[in-house]
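Remarks on the overall topology
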Amino acid sequence: MRMVYAGVMELRTDEAYYWTWSKESALSFLDHPPGIAWMIRFGTTLFGDTNLGVRFGGIVAMLVTQVLLADIVRRVTHDFRAVVFAVLMPEAALYYGLLMAKVAPDTAMIPCAVAMLWALVRLKESDHPRWWLAAGLFAGLALLSKFTAVMLAPAVLAFALVPDWRRRWLLSPYPWLAALIAVIVFLPVLIWNAEHDWASFRFQFVRAVADHELSFRTVGDFFGLQFGLVGFVLLPVVLSGMTLTAWRGYRSREPVAILLSTAVLVPFLYFFWKSLTLRVGDTWPMFLWPAGFAATAINLFMLSREGWPDWMVKSSFGWARLAVISGIAFVVAVFFYYVAAPWNFIGRADPVGGEAGFEQVVTRARDQLQKTGATWIATTDYRTYAMLRWYFNGSGVPVVQINERGRFQDFRDPGMADIKDHTGLYVAREPDDQLPLWGLTTAKRQPLERVERSWRGIVMDTYALEKITGWTPDLSPPPDSPLFRWRVLAGTVGGEDSRCHCERSNPSCRVG
C-alpha cells in the first residue's frame, strides 16, 4: 500500500521543497539539517525524479523502524507475540502505516532515533560499553535529520543516571565518547551555521520561545492530530502503557523501561505545554511514538509476569487487539479514499487535497511562457517555488523565489543567463500577488490571467499569472535586505510582537 500511495499521489509542497534540496550540494539548509535531502537523493538515484523516487526513502525508513522495534521487544520479552504487537502497532497508526511514504525531516529522523534506543537496549543486554559508541553515531544521524532529536536527551540521561550503574558510566569514557561522536556527525550543520550567522538555530529558536495567549483551540488541534495520526484507540492504549512502563522503570530503576517511557513522556509533555499557546505541527511529535509502541508491547507481556489481576491483563490485551484491528482498518480506508475514491468529504480543509491539482497551474504557466516569450519564472513563496521547480524539472526554465533568499544560501546558479535582462513570468497564489515587496524593485508587471487549482471539484486556491519586464532579480541580496530575510515562524523575538517584527523586517511576510 505504501508503495502504491508513494507512486500514485502527487507530491505535497513540502516534499517538493525538500526535493529541491536534494539537487544542491549545501552542507545544510535554513529550515532543517540535510538528512532529508540525502534520503531523497538516495531514492531518486534508484528511481529517478519520480514520486516513488522522492518517497522511497520513507518506505525504507518504515521497514527499518519496524525491524528495530521488533528486535528491541524480542530482546526484552523473548516472546514472539510481543514482537507481533510491536510490528503491527505502527501499521495501525495512520502516520506510520501510510504517511511514512510522505517524506519529511521526521521520516529521516525516526529510524535513526529508534536505532539509538536499540543500541542502548543492546548495551543493557550485553553490558558491553561499545554500544555507547553506536548510540552516539545514531544520535548524531538523528540530529542530522531534525533538531527535535535533542528531546531524546533526557531519556538517555535518565537511562544512564537513574539505575544503580550511574557511577560506573559517569566514570567511564564511553558515554562521553558517544557524545563526541554525535557532535562529529552533526558537524556539517554546525559548520554551515557558523558560516551563515547561525541562521538555522535562530530560525527554529523562534518557535521554542514563542509566547502567545492561552488557546484551547491549539490544544484541541494537538490532541486531535495525535488521535488521527496515531489512532483513536491506539493512542490511549500507548499512553496507558507508557504510564505503567514509567512507573515500573522508575520504581525498580530498570534501564530499558526508563529509557523507553522517558523517550515518549518528556517530548509529549513538552508538546502539550507548547500547544497551550502555539499550534504544534502534525509531524513534530511523530518521532516519539515508536518508542511508545515498543514499550506498550513489552508492557502487555510484563503484566502477567508481574502478577497483575487477570481482568486487567485480559482487558489490556483486548484493548490492544482492538487498537490494532481498528487502526489497520482505518489506514486501509484512508488509503482507498485518497487513491481510488472520487469524493472530497473534507472540502478545502483536506490536508492532501489542499495541496493537489498543481498541474493545472503548470499547464497555464507553460502556455503563457510560449505566448509571452518569458524565459524564467518568479515566485514569492517557497511552496509555489518548489512545485514549479518539480514540474519544470529538466525543461531548462529557471524557477526562482525572489524573496526570502536566506532560504537558498549555497544553492547553485539556477540559470542566470536565461534570467538576466529577459522577460519573466510571475506565478503567485492570491492574494500574495499583491505583496508590497514589488515596490522595492524596478519590475514592470502585466496581469495575464487567473488560474484556479481544484481537487475533486473543489477550488483550493487561485493563482495570478503576470508578465515581468525591466528587472533582473538579485539572488544574493545582503542579509539586511527585505528580499533576504525569511518569514518569522511564530511568537515574539526580543519582546516584539511577531506581526510587527515580521512586517518590519520583511514586507513580503503575512502572519495569520
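Scroll up to find the structure.
The text that follows walks through the structure, step by step, so that each part is easy to find.

**Some remarks on the overall build of the protein**
Looking only at helices and strands, the protein features 21 helices and five strands. Since a compact globule built from 512 residues should have a radius of gyration of about 24 Å, the 24 Å found for the protein is in line with a globular shape. Looking at the protein residue by residue over its 512 residues, the buried ones come to 58%. When contacts within the protein are restricted to residue pairs at least 6 apart in sequence, long-range pairs at least 24 apart make up 73% of them. For the protein, the computed accessible surface area is about 21500 Å², with 62% contributed by carbon and sulfur atoms. Taken as two groups, the 49 positive and 44 negative side-chain charges of the protein have centres that lie 5 Å from each other.

**Let's talk about unusual backbone geometry**
What is expected of a backbone is that most residues other than glycine have negative phi and most peptide bonds are trans. Here the bond from Glu430 into Pro431 is cis, since omega is 5°, no more than 30 degrees from zero. At Asp410, a residue that is not glycine, the phi angle is positive and equals roughly 75°. Structurally, Asp410 can be placed in the loop between β2 (399-401) and β3 (424-429).

**A word on the pairing of strand β4 (residues 444-455)**
Looking at chain direction, β4 and strand β5 (residues 458-469) are connected through eleven bridges and run antiparallel. Its bridge partner being in β5, Pro447 is matched across the sheet by Glu466.

**Let's talk about the sheet that holds β3**
Judged by pairing direction, the sheet is mixed, and its five strands sit side by side in the order β2-β1-β3-β5-β4 without closing on themselves. Both outer strands of the open sheet, β2 and β4, are each paired with one neighbouring strand and no more. On average, each strand axis in the sheet is tilted by 25° relative to the strand beside it, whichever way the strands run. In the sheet, strand β1 (residues 376-379) pairs with β3 via three bridges, with the strands oriented parallel. Within β3, the residue paired with Trp376 across the bridge is Gly424. Across the sheet, helix α20 (residues 382-391) is in contact with β1, β2, β3 and β5; its angle to β2 comes to roughly 170°.

**Section: the nonpolar core**
Ranked by internal contacts, the top residues of the largest apolar core, which has 150 residues, are Tyr5, Phe85, Tyr96, Trp132, Leu234, Trp289 and Phe293. At 14 residues, the largest contribution of residues to this core is made by helix α7 (residues 105-126). Not counting the four nearest positions on each side in its chain, Trp132 is found in contact with Leu120, Leu123, Val156, Phe159, Ala160, Trp169, Tyr174, Pro175 and Ala178.

**Concerning the packing of aromatic side chains**
Going through the model one piece at a time under the given rule, you end up with 46 aromatic pairs. Taking 5.5 Å as the distance between ring centres and 80° as the angle between the ring planes, the aromatic pair formed by Phe358 and Tyr463 counts as edge-to-face. On the criterion of sequence distance, the pair formed by Phe358 in the loop between α18 (310-339) and α19 (359-372) and Tyr463 in strand β5 is long-range, its members being 105 residues apart. Taking 6.2 Å as the distance between ring centres and 55° as the angle between the ring planes, the aromatic pair formed by Phe484 and Trp486 counts as tilted. Here Phe484 matches Trp486 in class, with each residue buried. Each residue in the set Tyr17, Tyr18, Trp21, Phe29, Tyr382, Tyr385, Phe408 and Phe411 is aromatic and connected to the rest through ring pairs, giving one cluster. The ring of Trp273 has Lys274 lying over it, and the distance from NZ or CZ to the ring centre is 5.1 Å. A cation over a ring is seen here: Arg456 above Tyr337, with NZ or CZ 5.3 Å from the ring centre.

**Structural notes on the pairing of β5**
Relative to β5, β3 is paired through six bridges, and the arrangement is antiparallel. Its bridge partner lying in β5, Tyr426 is registered against Glu466. Between β4 and β5, which pair antiparallel in sequence order, lie two residues; one of them, Arg456, sits at a positive phi of approximately 55°.

What counts and what doesn't
Residues numbered from 1 in each chain as written. Predicted model: local features only at pLDDT ≥ 70, side-chain atom pairs only at ≥ 80, totals over all residues. Heavy atoms only, no water. Helix = DSSP H or I, 4+ residues; strand = E, 2+ residues; numbered from the N terminus. Rg over C-alpha atoms; globule rule 2.2 N^0.38 Å. Buried < 20%, exposed > 50% of the residue type's maximum accessible area, 1.4 Å probe, protein only. Contact = heavy atoms within 4.5 Å. Areas by Shrake-Rupley, 256 points an atom, 1.4 Å probe, with all protein chains shown as cover. Lys, Arg positive; Asp, Glu negative; His and termini not counted. Charge placed at Lys NZ, Arg CZ, Asp CG, Glu CD. Pairing = 2+ DSSP bridges. Axes fitted to C-alpha atoms, helices over the stretch in contact; angles between N-to-C directions. Core = buried A, V, L, I, M, F, W, Y, C linked by side-chain atoms within 4.5 Å. Phe/Tyr/Trp six-rings, centres within 6.5 Å; stacked < 30°, edge-to-face > 60°. Lys NZ or Arg CZ within 6 Å of the ring centre and 35° of its normal.

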